[in-house]
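Residues per chain are reported as follows:
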Amino acid sequence: MLSKPVEEMLNKRRDKFLIPAEIVANVQETNNLDHAFLVLTKVKYAKIPVLDSDQHFKGLLSLAMITDTMLGLTGIDPSKLSRYQVKDVMQVDVPTVTLPYNMEEILHLLVDQPFLAVTDNDGIFTGIITRREVMKAINYLAHDLEKSYYLLPLEKSTN
């Protein structure tokens, strides 16, 4: 459980955590891999969200997932990309959070993820929370905690 002062200070910045869906690069699950390859190459992100035609979050796609499809025993065959769709190779077992999100859950999940997909209760993709944005809030907390709270050390027992 987060301490109340820490949770309060992090929650002061929670509106800055969400990067809205409208500005997050994504691909559709029915896109061919050649299209997804171009998108990932141009945006220079390691992974991007995969959505269906109704904007439901379906999973994540990385450049490595795409390039793995091109590899064969005798070399690289980029022509394979047009034969597969994003849904054939995407990662589906990814954690997501729903609005309103729980700060403690986010901190735990971001240990192993560079970002978290955020959905509403119907699974509609609303954006992402990045580790970077949360680390900015942690930096704020580390520098400003004593401006909002008095901190006293606990007395050590003499046992």
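Rules behind the numbers
- What you see as residue numbers is a count from 1 along each chain, following the sequence as written.
- Residues qualify for local features only when their pLDDT is at least 70, as the model is predicted, and side-chain atom pairs are given and counted only at 80 or more; totals for whole chains, interfaces and linings, by contrast, use all residues.
- Hydrogens and water are ignored here; the side-chain numbers use all heavy atoms of the structure.
- When DSSP finds two or more bridges between two strands, those strands count as paired.
- Secondary structure elements are defined from DSSP: runs of H or I of at least 4 residues count as helices, runs of E of at least 2 residues count as strands, and each element is numbered from the N terminus.
- For helices, the axis comes from a line fit to the C-alpha atoms of the stretch in contact; other axes are also lines fit to C-alpha atoms, and the angle between any two N-to-C directions lies between 0 and 180 degrees.
- Exposed residues in this analysis have more than 50% of their type's maximum accessible area, buried residues have under 20%, and partly exposed residues fall in between, with area computed by a 1.4 Å probe over protein chains only.
- The charged-residue count follows a simple rule in which Lys and Arg add positive charge and Asp and Glu add negative charge, with His and chain termini not counted at all.
- The term salt bridge refers to a pairing of a side-chain nitrogen on Lys or Arg with a carboxyl oxygen on Asp or Glu at a separation within 4 Å.
- Residue contacts are counted whenever heavy atoms from the two residues lie within 4.5 Å of one another.

(A) A look at the sheet that holds strand E6 (residues 115-119). Spatially, 4 strands are ordered E1-E7-E6-E5 in an open sheet, and the strand pairing comes out mixed. In this open sheet, the two strands that pair with only one neighbour each are strand E1 (18-20) and strand E5 (96-98). For this sheet the average axis-to-axis angle between neighbouring strands, irrespective of direction, equals 35 degrees. Bridge analysis of E1 against strand E7 (residues 125-130) gives 3 bridges, and the strand direction is antiparallel. Looking at the pairing, Pro-20 lines up with Gly-127 of E7.

(B) Summary view of the side chain of Glu-29. The residue Glu-29 is located in the loop between strand E2 (27-28) and helix H2 (33-43) in this model. Although Glu-29 is buried, it makes no salt bridge; Lys-58 carries the closest opposite charge, 5.2 Å away. Sequence-distant contacts of Glu-29, that is, excluding residues within four places in its chain, are made with Val-50, Leu-51, Asp-52, Lys-58, Gln-85, Val-86, Lys-87 and Met-90.

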